[in-house]
Amino acid sequence: MEDAFDALAEDHEEIRQVLAELEKGPIAATGATEDQLMLRKIMTEELIIEQSKHERIELTCLWPALREHVPDGERLADLATCAELEIVTLLAELDRLDVIRPAFEQLLSRFTEACLQHFAFEEQHVWPRLRA
């Protein structure tokens, strides 16, 4: 039976794969076709949906458990929640931008960095403490 950590790890891996695919391009600035740009937008929309579901689970289940069961859990949960608020804000901005605009790629890079840092924080600092 899959536990919560397995499910979260699976989410992280799926999101990492989409981010890696988006990072490869092609992008508008490198001559992507209209179809390639449309696929890029669809992938971004799917990323937004999946990341939003993931964040909702963490906000409702993971962070309350961390606060309740882990010494220094309040501080860790606060750090994680702040990172998630940044991620949610970036996602909302990304959703509003047209994929052909250079700002889209800049924002996608910021989102990718924030997301990967947040995943590393969870995997290295949160999950081991909750498992214990």
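Above this text you will find the structure in question.
First things first, this report covers the structure right here in the doc.

Conventions adopted
- Residues numbered from 1 in each chain as written.
- Predicted model: local features only at pLDDT ≥ 70, side-chain atom pairs only at ≥ 80, totals over all residues.
- Heavy atoms only, no water.
- Core = buried A, V, L, I, M, F, W, Y, C linked by side-chain atoms within 4.5 Å.
- Buried < 20%, exposed > 50% of the residue type's maximum accessible area, 1.4 Å probe, protein only.
- Helix = DSSP H or I, 4+ residues; strand = E, 2+ residues; numbered from the N terminus.
- Contact = heavy atoms within 4.5 Å.
- Salt bridge = Lys/Arg side-chain N within 4 Å of Asp/Glu carboxyl O.
- Axes fitted to C-alpha atoms, helices over the stretch in contact; angles between N-to-C directions.
- Parallel < 35°, antiparallel > 145°, perpendicular 65-115°, else oblique.
- Left-handed = near helix turned anticlockwise from the far one by under 90°.
- Nonpolar A, V, L, I, M, F, W, Y, C, P; charged D, E, K, R; others polar.

### Re the nonpolar core
Alright, step 1. Core analysis: the biggest nonpolar cluster contains 21 residues, and Ile15, Leu19, Leu47, Phe104, Leu108, Phe111 and Cys115 have the highest contact counts within it.
Alright, step 2. Of all the secondary-structure elements, those providing two or more residues to this core are helix H1 (4-24), helix H2 (34-69), helix H3 (73-96) and helix H4 (102-131).
Alright, step 3. Element by element, the count of residues in this core is highest for H4, at seven residues.
Alright, step 4. Every residue in contact with Cys115, bar those within four places of it in the chain, is listed here: Ile15, Leu19, Gln51 and Ile87.
Alright, step 5. Core analysis: the next-biggest nonpolar cluster, separate from the first, contains 13 residues, Leu8, Leu62, Trp63 and Trp127 among them.

### Brief notes about the pattern of salt bridges
Alright, step 1. In the structure shown here, the tally under the stated rule is seven salt bridges.
Alright, step 2. Residue Arg67 is joined to Glu74 by a salt bridge in which the shortest nitrogen-to-oxygen separation is 2.8 Å.
Alright, step 3. Overall, the relative accessible area of 30% leaves Arg67 in the partly exposed class.
Alright, step 4. When the shortest N-O distance is used, the salt bridge between Asp78 and Arg67 registers 2.8 Å. Taken together, the positions of Asp78 in helix H3 and Arg67 in helix H2 put the pair 11 residues apart, joining distant regions of the chain.
Alright, step 5. What you see here is one network of salt bridges that share partners, running through Arg67, Glu74 and Asp78.

### A closer look at unusual backbone geometry
Keep in mind that most residues, glycine aside, have a negative phi and that most peptide bonds are trans.
Alright, step 1. The linkage connecting Gly25 with the following residue, Pro26, adopts the cis geometry, with an omega of 0°.
Alright, step 2. Along the polypeptide, Pro26 turns up in the loop between H1 and H2.
Alright, step 3. In this model, Asp72 sits at a positive phi of 70°, which is unusual for a non-glycine residue.
Alright, step 4. Assignment of secondary structure puts Asp72 in the loop between H2 and H3.
Alright, step 5. Residue class for Asp72 comes out partly exposed when judged on its relative accessible area of 42%.

### Observations regarding the packing of H2 against H4
Alright, step 1. Viewed as axis vectors pointing N to C, H2 and H4 meet at an angle of 30°, and their least axial separation amounts to 13 Å. When the interaxial angle is binned, H2 and H4 end up roughly parallel. The hand of the H2/H4 crossing is left-handed. Here Arg40, Thr44, Leu47, Gln51, His54, Glu55, Glu58, Leu62, Trp63, Ala65 and Leu66 of H2 come into contact with H4, specifically with Phe104, Glu105, Leu108, Phe111, Cys115, His118, Phe119, Glu122, Val126, Trp127 and Leu130.
Alright, step 2. Its residues assigned to classes, the contact of H2 with H4 shows 13 nonpolar, four polar and five charged.

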